[in-house]
Amino acid sequence: MTTTEQEQLRAKAAAELERARLRSAALTDVLDDDELVRQHSPLMSPLIWDLAHIGNQEELWLVRDVGGLPAMRSDIDELYDAFKHSRASRPALPLLKPGEARQYVEQVRRKTMDVVDRVPLQGRRLVENAFAFGMLVQHEQQHDETMLITHQTRKSTAVLHAPDPPKADGNVLPQEVLVPGGPFTMGTSTEPWALDNERPAHQVHVDAFFIDTTPISCGQYREFMADGGYERAELWSEAGWAHRNKANLRAPLYWRKDGDRWLRDCFGVVAPVRDAEPVVHVSFHEAQAYARWAGKRLPTEAEWEKAARFDPSTGRSRRFPWGDDDPGPEHANLGQRHLRPAEVGAYPAGASPLGVRQLIGDVWEWVDTDLHGYPGFTAFPYQEYSEVFFGPDYKMLRGGCFGTDAAACRGTFRNWDYPIRRQIFSGFRCARTPGGGELG
Ligand SMILES: [Fe+2]
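Residues numbered from 1 in each chain as written. Predicted model: local features only at pLDDT ≥ 70, side-chain atom pairs only at ≥ 80, totals over all residues. Heavy atoms only, no water.

Our working definition: UniProt positions are given in the numbering used here, feature names are shortened, and annotations may be inferred rather than shown by experiment.
As recorded in an unreviewed UniProt entry, the protein chain goes by Hercynine oxygenase and comes from Allokutzneria multivorans. In its Function (unreviewed entry) section, UniProt records this for the protein chain: "Catalyzes the oxidative sulfurization of hercynine (N-alpha,N-alpha,N-alpha-trimethyl-L-histidine) into hercynyl-gamma-L-glutamyl-L-cysteine sulfoxide, a step in the biosynthesis pathway of ergothioneine." Per UniProt, the protein chain has the following entry under Cofactor (unreviewed entry): "Fe(2+)".

In structure tokens, the structure reads:
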């Protein structure tokens, strides 16, 4: 790598770290100390835990490991180790107070910026392509999305504001498109900041399938509800029905009935459900029941990625549905520019070669695949990043949402959660296997 290329990488790493920090500050500066230390939901950490954890991970990886500098606060490592304390138990820990946490993350960041300037970006896999910096940028952006989820769980007045996302472009789209059968390249070996579970690139054969052109809308979801979707056991898996009964599921999270209409609480603003928007805050089980009701199924993870990346004219897999360019505001609803998904049929410039829209951004999409490593997977830089979660407990989510930053979203990016979770910004689209004669 030339000196100029190294300098460009350093500048990019520094700029991305700075951008992530502005977002972390914006999410925490709008609330008073009481709201920062309080637990808004047992599913979520106090916001001030997230902030100091961001700083502590940065100290561990960038200051101590990459920078080779002495520990600043090894006494707090244990408090901010996500594997040592459940989210529910975190408010009772002797956490740094908001002022102390802010001071700590600033002190860490000052040292990090020195490290970015001077550390050689070669000789160790951790620093090649500035990977460690990219990993910490993604870590901070992912916690920012987590903090955005915590904002949604708050029960008081709105403090976040953003303009509405763009509307649908008005063209009538086909409900589904056929993705041709055959091999495609899944995952990546070249994306410099891709995480271990996205690697390596490998060939996967996928039979021909139909996939919905857009995510399922609230209007479509209300039809499922009106047709007794939540009362018909035959539409649900055994585990899904058991959970529906235990949790008394009746509608997506944050929906409530007001006479004969449905209202949704969106970051403290309660307003009628918008039928044209993708449904959000549904669990894997609800998505699966809807798909069965519609005579379809959820896509597998390989089907989703093929729909998002495969270009039939070249046989190549793209970085994103629209091509290899980084996401811009014309392509996808990412980066918390808006606080809700855009209407189904928005973002024509973000469509895949086959015309599938909104695969990236808007809502995370549940797919019917458990978290697993790709063939040739090796844990990097540590097993706790993803390998310890492999197995049947987690279902995959793909594509990012309005609260996901572009730095933490790629055509290959993989997210996962428990199939009962719905405080996340999760929606879905359906797929189906062609019937006899449909392939001509
Ligand atoms: Fe973390």
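Right, picking up where we left off after that structure.
Regarding the pattern of salt bridges
Keep this limit in mind: For salt bridges, the criterion is a side-chain nitrogen of Lys or Arg within 4 Å of an Asp or Glu carboxyl oxygen. Per the convention used, a helix needs a DSSP run of H or I reaching at least four residues, while a strand needs a run of E reaching at least two, with both numbered from the N terminus. Whether a residue is buried, partly exposed or exposed follows from its accessible area with a 1.4 Å probe, protein chains only, as a fraction of its type maximum: under 20%, in between, or over 50%, in that order.
For the structure shown, the criterion picks out 44 salt bridges. Arg110 is the partner of Glu106 in a salt bridge, and the nearest nitrogen-oxygen pair spans 3.9 Å. Taken as a pair, Glu106 and Arg110 lie in helix H4 (residues 98-118) at a separation of 4 residues, close to a single helical turn. With relative accessibility at 48%, the residue Glu106 sits in the partly exposed group. Exposure remark for Arg110: the relative accessible area of 56% places this residue in the exposed category. Connected via shared salt-bridge partners are Asp164, Arg264, Arg274, Glu277 and Arg340.

Considering the packing of helix H3 (residues 47-66) against helix H5 (residues 131-153)
The packing of two helices is summarised by the inter-axis angle and the distance between the axes. Note the threshold: As a rule, the C-alpha atoms of each element are fitted with a line to give its axis, helices using only the stretch in contact, and angles between N-to-C directions run from 0 to 180 degrees. Should an angle fall under 35 degrees it is taken as roughly parallel, and over 145 as roughly antiparallel, whereas 65 to 115 is taken as roughly perpendicular and any remaining angle as oblique. Residues count as neighbours in contact if any of their non-hydrogen atoms are within 4.5 Å of one another. We call Asp, Glu, Lys and Arg charged. Ala, Val, Leu, Ile, Met, Phe, Trp, Tyr, Cys and Pro are nonpolar, and the rest, Gly among them, are polar.
Following both chains from N to C, one finds H3 and H5 inclined at 175 degrees, their axes separated by 10 Å at the closest point. Our classification of the angle between H3 and H5 gives roughly antiparallel. Here Leu47, Trp49, Asp50, His53, Ile54, Gln57, Glu58, Trp61, Leu62 and Val66 of H3 lie close against H5, whose contacting residues are Ala132, Phe133, Met135, Leu136, His139, Glu140, His143, Asp144, Thr146, Met147, Thr150 and His151. In terms of residue class, the contact of H3 with H5 is built from 11 nonpolar, 7 polar and 4 charged.

Quick look at the sheet that holds strand S14 (residues 431-432)
Under the convention used in this document: Between any two strands, pairing holds if DSSP finds at least two bridges.
On the basis of which strands lie adjacent, the open sheet formed by 3 strands has the order S1-S4-S14 and antiparallel pairing. Looking at strand neighbours, the two that pair on one side only are strand S1 (176-179) and S14, the edges of this open sheet. Relative to strand S4 (residues 209-212), S1 runs antiparallel, the two sharing 4 bridges. The residue of S4 that forms the bridge with Val177 is Ile211. With respect to the sheet, helix H9 (residues 301-309) is in contact with S1, S4 and S14, its orientation differing from that of S4 by roughly 75 degrees.

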